[in-house]
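Residue-level structural notes
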Amino acid sequence: ADYLTGEVLDRQPEELRSFLLRTCIVDELNGDLADALTGGHGGESMLARLERANGFVAAVGSRRSSYRYHRLFAELLRYELHREAPGQVIRLHRRAAGWYAAQGLTVQAIQQALMAKEWRYAAGLMAKHGPSLILRGDATALHDLVRQLPADLVQADPELVLLAAADGIVRGDPETAAAQLLAASERAAVLSEERRGRFALLLAIVNTALAWQVGDLDRVLVAGEEALASQSRAGMDGGDDAARAITLSTVGGAALWAGQLDRAELHLRDGLAVALGAGLTLQQFACLSQLALVHAMRGELSEALRWGTNAAEMAAEQDWSSSVQAAGGYLALAWACYYRDDLGEAGRYADQAAVASGLGRQPLAIGVAILRARLQRARGDLAGSLNALATVRRDLADWKPPRYLWRWLLATEAELRSAAGQRQS
């Protein structure tokens, strides 16, 4: 510290020293962010000059357009900033939060707002962008950020309570999520008029996600359509594309397993278009995979193979082969291969669908079970196929699966019993 202070920092011209102190509050910066923090111009050239002059500033990335201060050097700068100008620290964090928010870098903006103790501003960013963060896979980061807010602020804000419910859904805790959702709904009256529209939209999205998790497809369809209508009324901007894409994907998936294939295709194609336009790769993949299954369930084998193959290739490229989003595409390929009498490939894809879905009490589990039973029969093991379906029925005894799938399961079992000369039960 003595060396860095005496031999490096104190030897810098005052203008450069001031630049270093004002820009040290972030881990990585570029010229534009540097200008926002200092209120000046020429941040890019200053950073490039610093990088050439000493080893305490390093360019990062292939384009070398961003820079980082050496960790020890950054710690020293922050110490000096707090010692020399403590009043500027909060002001600089506020500037950084505003810059990150303007760039759409929500997590970084919230982090800076929290460092500035701008609780209301941070809470507003969480409420506005929370759904998109969760849907983009940043639920853990959001959960950690919400925990940094004062507890009384969180409990008093229905939107933040609702985000806690959404976080519970992502973590697989529907009971806690339902309780928090109810609590949030009861407190909605405290919201200002301008926030109620956003709250209604978030409530519909969380309701949709919770209904999907517990397998209530009728509720998914009702809540999902309400969410889509709210999104249209709100005139959502590009920052909310993730929420719209996931809602379309969820409602499309519910319609698929409810047997409403035309409705499913319409929503899934819309979801795919939104995801493509916004560069939401995971949502593209989810819609692509489910569209393959729509075609398979219609008996459109060439289309099922085409969409399913595209989904499988995308899964391999992105290392998503074991993700739940991949299961629909694999199941579509399995059914297409089965109807083309390629039992080996059908079995292989069915196994991949089972692994990706995790089975359990969900619609995909029934689709996989029906296919596997038909594969056993096609291989001459009629008794084994009947036992497999009986096992599935026992496992689902205390779960109410979608009516369409339940009827499909019963019809398959009846067909197999008839082939075996057994009485129908």
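Quick caveat: nothing in here was measured; it's all calculated off a predicted structure.

Some words on the environment of aspartate 32
Among the structural elements, aspartate 32 can be located in helix α3 (residues 31-38). In this structure aspartate 32 comes out as partly exposed when scored by relative accessible area, which is 45%. In the structure, aspartate 32 is positioned 38 residues away from histidine 70 in sequence and 20 Å away in space, judged by C-alpha atoms. Contacts of aspartate 32, omitting those with residues within four sequence positions, involve Trp99 and Gln103. Only 2.9 Å separates the side chain of aspartate 32 from the side chain of tryptophan 99, close enough to count as a polar contact.

Re the packing of α3 against helix α6 (residues 86-102)
Where α3 meets α6, the axes come as close as 9 Å, and the angle between the chain directions of the two elements is 140 degrees. Between α3 and α6, the angle falls in the class oblique. Considering how the two elements wind past one another, α3 and α6 form a crossing that is right-handed. Contacts from Asp32, Leu33, Ala36, Leu37 and Thr38 in α3 reach Leu92, Arg95, Ala96, Trp99 and Tyr100 in α6. Along the lines of polarity and charge, the residues of the contact of α3 with α6 split into seven nonpolar, one polar and two charged.

Remarks on the pairing of strand β1 (residues 57-60)
Side chains Val57 and Ala59 project from β1 onto a buried face, and the interleaved Ala58 and Val60 project onto a face without burial. One ladder, built from four bridges, connects β1 with strand β2 (residues 66-69); its direction is antiparallel. Bridge pairing in β2 places alanine 59 opposite tyrosine 67.

Regarding the pattern of salt bridges
Scanning the model with the defined rule gives 21 salt bridges in all. Two residues, arginine 83 and glutamate 80, come together in a salt bridge whose shortest N-O distance is 2.6 Å. With a gap of three residues between them, arginine 83 and glutamate 80 both fall in helix α5 (residues 71-84), about one helical turn apart. Residue classification places glutamate 80 among the buried positions, given a relative accessible area of 5%. For glutamate 415, the salt bridge goes to arginine 377, with nearest N and O atoms at 3.2 Å. Of the two residues, glutamate 415 is situated in helix α23 (residues 403-419) and arginine 377 in helix α21 (residues 363-378); the sequence distance between them amounts to 38 residues. Note on arginine 377: relative accessible area 34%, which makes it partly exposed. Among the charged side chains, a network of salt bridges with common partners joins Asp262, Glu265, Arg269, Arg298 and Glu300.

So, how was this worked out
Residues numbered from 1 in each chain as written. Predicted model: local features only at pLDDT ≥ 70, side-chain atom pairs only at ≥ 80, totals over all residues. Heavy atoms only, no water. Helix = DSSP H or I, 4+ residues; strand = E, 2+ residues; numbered from the N terminus. Buried < 20%, exposed > 50% of the residue type's maximum accessible area, 1.4 Å probe, protein only. Contact = heavy atoms within 4.5 Å. Polar contact = N/O pair within 3.5 Å; in protein donor to acceptor, adjacent residues only side chain to side chain. Axes fitted to C-alpha atoms, helices over the stretch in contact; angles between N-to-C directions. Parallel < 35°, antiparallel > 145°, perpendicular 65-115°, else oblique. Left-handed = near helix turned anticlockwise from the far one by under 90°. Nonpolar A, V, L, I, M, F, W, Y, C, P; charged D, E, K, R; others polar. Pairing = 2+ DSSP bridges. Salt bridge = Lys/Arg side-chain N within 4 Å of Asp/Glu carboxyl O.

Take it as geometry only, folks, not as evidence of what the structure does.
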